[in-house]
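# Per-entry structural report
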Amino acid sequence: MSFLPRHLGPDAAETRSMLRAVGAADLDELVARAVPADIASGEPLRLPAPMSEHEALSALRRIAAKNRVMTQMIGQGYADTVTPPALRRNILENPAWYTSYTPYQPEISQGRLEALLTFQNAVMDLTGLDLANASLLDEATAVAEAVLMMRRANRRATSRRVVVDARTLPQTLAVLGGRCRAVGIELVVADLAEGLPEGDLFGVVLTQVGVDGEVVALAERTEEAHARGALVAVATDLLALTLLRSPGEQGADIAVGSAQRFGVPLFFGGPHAAFLACRTGLERNLPGRLVGVSTDSSGRPAYRLALQTREQHIRREKATSNICTAQALLAIVAGAYAAYHGPDGLRAIAERVHGLAARLAAGLATAGVHVVHDRFFDTVLAEVPGRADAVVAAAAERGINVRRAGADHVSVSAGEPHDERDVDAVLAAFGAAATDDGGAGAGWDLPAELLRTDSYLTHPVFTLHRSETAMMRWLRTLADKDLALDRTMIPLGSCTMKLNAAAEMEPISWPEFASVHPLAPEDQTLGWRELIAQLESWLTEITGYAAVSVQPNAGSQGELAGLLAIRRYHLSRGDRQRKTILIPSSAHGTNAASAVLADLKVVVVATAGDGSVDTEDLAAKLADVGEELAGIMVTYPSTHGVFEEQITAVCAAVHDAGGQVYVDGANLNALMGLARPGRFGGDVSHLNLHKTFCIPHGGGGPGVGPVAVAEHLVPFLPGDPGAVDGGREAFPVSQARYGSAGVLPISWMYIAMTGAEGLTASSRTAILSANYVSARLADVFPTLYTGPGGFVAHECILDLRALTKASGVTAEDVCKRLVDYGFHAPTLAFPVAGTLMVEPTESENLAELDRFVAAMRAIHAEMTAVAEGEVALEDSVLRRAPHTAEVLTADEWDRAYPRSRAAYPLPELRLAKYWPPVGRVENAAGDRHLVCSCPPIEAFAADGPESAAGTVRSGAVEAAR
Ligand SMILES: *Cc1c(COP(=O)(O)O)cnc(C)c1O
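Residues numbered from 1 in each chain as written. Predicted model: local features only at pLDDT ≥ 70, side-chain atom pairs only at ≥ 80, totals over all residues. Heavy atoms only, no water.

Under the convention used in this document: UniProt positions are given in the numbering used here, feature names are shortened, and annotations may be inferred rather than shown by experiment.
Going by what an unreviewed UniProt entry lists, the protein chain is known as Glycine dehydrogenase (decarboxylating) and is assigned to Kocuria aegyptia. Its UniProt record gives the protein chain a comment under Catalytic activity (unreviewed entry), which states: "N(6)-[(R)-lipoyl]-L-lysyl-[glycine-cleavage complex H protein] + glycine + H(+) = N(6)-[(R)-S(8)-aminomethyldihydrolipoyl]-L-lysyl-[glycine-cleavage complex H protein] + CO2". UniProt, in its Cofactor (unreviewed entry) section for the protein chain, records the words "pyridoxal 5'-phosphate".

What follows is the structure, given as structure tokens:
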């Protein structure tokens, strides 16, 4: 059986009825009329014939079998770990968790917000700092974010120098090198054992556990840095911190690292959640998302994203970073891992890991092998003059990967899954005898001055869910609070919330993919390389470019990689002055934020009345900018949801002026098989595999944002962070060569199962579905912009502004009321304030589209009642939405509408009803009293709203410490 009918929502009959509604005879006609003729590609994509689910899984198994699963003791930023089956099954393999969206709508996101808050709380406790964000993309980019954060926050320092510990992970140095060079920050890599180097500096990056395994004390260096006016970030290891004195206690301003070893598989390099924690006073500079505690309309505690107005969506080039999609799902796993093991369980794992390392050190020392550092946590560095290759090979023969640290050194990192037999096998590889059982490792204890004495993970969340039954139920309770794709369509414009098929998801947990270390030798990773090469070649064909790199691990990072390619291309031709990028006013906020990171100056191009790029303004700006033009960054089809007819003219004008054209490809779901950005004028694009190519959103990540370039930009694709030159010339944008490789099998499966015909059908159906919703709502909520033939592309902007003016009911009220109807809101206020952008995708069937249309029409009637004065806005069912069961079953009821209308405005809702766990969440209150750790449990059980709010606020004081 072919997979395509499983992927597409509408069947043939539904498609015909939808076509009638939009006024097209068939899909060919719709596409011919909607897509401008001069960009239509006209020829089918050259892709392998589609396979059934079963065939594709078998084919992928054959590829996976070419990888070799080894005992992974390489370390270097990736520690082998055990994903508790309870977490794998209940989170990673559970659509309630992986198909949810970023929690912008707090009322339908309380479950994932609580899970992310648990992650933040664990990070804050272990690092000893006051605040932590809800994840970053990987450790290396997190260090880069920390450096930029120190530069922004340290207003007293005029210096552009940052000093970094030479013991930092090499991939971090590679990423940091490129990122600093791009924005003119001088990076000084130095041995800090004896003190900081001379000269001015704004920040210092220390490493608590070095790549060589050595654990160092931090207090002296942080004091020295502070005395010289610098801020201090510390790269560290969460598991080691269960034993070691925390960076916060030793004076650090920021702590960063990877949370991978908290239960997230190696995944050949990612996706893994990075963390960033900081002390109070730096919160306004924090990159990424931050979950905070606020209250709802009843005064009860409720979670939401804090300080949201600082997001790049709104701040654009003034944003704290370009991070949008992060690593939410992996952060949720890491937080749940901390909750499952608890403080004593984590400490026991850490002690075991340290014990294994100590056993190894003891065995080596006994055999006369020099152990370089005696203060280590999990990694032992051995000196083996001239023998490194031989030892590495001997270990590999025993099924174990260890790390070659130059010709004369080998390091070995112990992890949770390892045991004494592994250690003894490694000892044998060194030619050392296995230690006899008793007393192994004695004498290698860490000195007391390095060890922590304070308590951590004291919140009940870290003790209540220790049995599997308790954990399963906690996760179920949280998931039940949320709306994800397993319950309803998520019509978020620009986000492409389509099916994430089970067959696509399954392979990511196969050990042949999940248990491979990114630095494993090439002959063990042939399967991974084959899969990635195929996927890159398919994406190249689909986009019409010359080459693709899957390295960027979010759309934002693809943008940065693409803009760096443009900048470096100009530099290579001696065009140093080409530093201005034109960005239409309708662009996604990440575009401008990424431009800043590539050291480009942003000039905004106006939007014409019909929503397209204002060509007169473009001409004027091109004339203004002149020789300084680097290029333009346009989204196609535009963020207004239309196929702009003049796109080829826009590209030509920019090329004529010496600029490059960046086509933001996040909307590729409208283009597959129909038009190719690399052929209609683009020089570079990024794609979002977590939108168009079926990687689930995971509540805000993981993502993959491949960058695709034309021939002349191929030399400027992001390079290997492990390259010999230390990566400085490579400008990698992720710490792993293939970024978040672990989720690439999902996109591989989608393309393998749908083929050229299926991808084209996906885009055609997506266009039909958007036009169907637009047509069915046209008389109540007109679509703001349409393109050729009066059609939209794959999404439509519903214009509520006239009715908002007449009634006072805002687009936000509509979003909140949709919760009562069981829907996730469309995209609110982007790209046009006061509107809702709807993207149904090809995966929703007609019944679901009609359910949405019916809800919107019913809401329109409710708005009209307010506009006509039948009910006051403040008393309306819209302004007081969403309605919790608690409010509706209260003994008192004094509202202007009956309870039944609040809960069951449409009869179908009696069959399946979603109950929001909280009423409308107050945003301002949460920002005034920033609480980013789990509130005390009493806050939820409190008798009255007043005491509940009071308990949350007392948490704020506590958090501020
Ligand atoms: C989603 C999106 C991005 C950013 O992608 P992330 O993966 O979230 O960083 C950029 N541009 C557009 C048009 C988008 O829709």
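## Some words on the site of the ligand
What counts is decided by this rule: In this text, near means that some heavy atom of the residue lies within 4 Å of the molecule or strand in question. Two N or O atoms form a polar contact when they lie within 3.5 Å of each other; inside protein one atom must be a possible hydrogen donor and the other a possible acceptor, and for residues adjacent in sequence the pair counts only when both atoms belong to side chains. Residue-level accessible areas treat just the shown protein chains as cover; the underlying method is Shrake-Rupley with a 1.4 Å probe. A run of DSSP states H or I qualifies as a helix once it reaches four residues; a run of E qualifies as a strand once it reaches two. Both are numbered from the N-terminal end.
Taken together, 15 residues are adjacent to the ligand, and Thr-325, Ser-494, Gly-555, Asp-664 and Lys-691 come closest. Ser-556 is positioned with one of its backbone polar atoms (N or O) 2.8 Å from an oxygen atom of the ligand. A distance of 2.7 Å separates an oxygen atom of the ligand from a polar atom in the side chain of His-690. Its free accessible area being 390 Å², the ligand has 98% of it covered by the protein chains. Ranked by the residues each element gives to the shell around the ligand, the list is headed by helix α19 (residues 555–572), at three residues.

## Re the packing of aromatic side chains
Each aromatic ring pair is summarised here by two numbers: the centre-to-centre distance and the angle between the ring planes. So the rule is basically this: Only rings of Phe, Tyr and Trp enter the pairing, Trp through its six-membered ring, and a pair is recorded when the two centres are within 6.5 Å. The plane angle decides the type: under 30 degrees is stacked, over 60 is edge-to-face, the rest tilted. The rule is short: NZ of Lys or CZ of Arg within 6 Å of the ring centre and within 35 degrees of the ring normal puts a charge over the ring.
Here the structure, examined in full by the defined rule, presents 15 aromatic pairs. Pairing Phe-513 with Trp-528 gives two aromatic rings, centres 4.7 Å apart and planes at 55 degrees, and the pair type is tilted. Residue Phe-513 is found in helix α17 (residues 511–514), and its partner Trp-528 is found in helix α18 (residues 526–543); the two are separated by 15 residues along the sequence. Every member of this aromatic cluster is reached through a ring pair, and the members are Phe-268, Trp-510, Phe-513, Trp-528 and Tyr-738. Sitting over the ring of Trp-510, Arg-61 keeps its end group 4.0 Å from the ring centre. Just above the ring of Phe-202 sits the side chain of Arg-151; from NZ or CZ to the centre is 5.1 Å.

## A few points about the UniProt feature "domain: Glycine dehydrogenase C-terminal" (unreviewed entry) in the protein chain
The feature "domain: Glycine dehydrogenase C-terminal" (unreviewed entry), as given by UniProt, occupies residues 763–883 in the numbering adopted here. Across residues 763–883, the secondary structure splits into 45% helix and 8% strand, with the terminal C-alpha atoms separated by 37 Å.

## Thoughts on the nonpolar core
What counts is decided by this rule: Side-chain atoms within 4.5 Å link the members of a nonpolar core, which is a set of buried Ala, Val, Leu, Ile, Met, Phe, Trp, Tyr and Cys residues. Burial here depends on accessible area, computed with a 1.4 Å probe over protein chains only, as a share of the maximum for the residue type. Under 20% is buried, over 50% is exposed, and the range in between is partly exposed. Whether two residues are in contact is decided by their heavy atoms: any pair within 4.5 Å suffices.
With 229 residues, the main nonpolar core has Ile-542, Phe-693 and Ile-751 as its most contacted residues. In terms of residues, this core owes the most to one element, helix α12 (residues 328–366), which gives 23 residues. What Phe-693 contacts, discounting residues up to four positions off in sequence, is Leu-539, Ile-542, Leu-668, Met-672, Leu-687, Asn-688, Ile-746, Ser-747, Tyr-750 and Ile-751.

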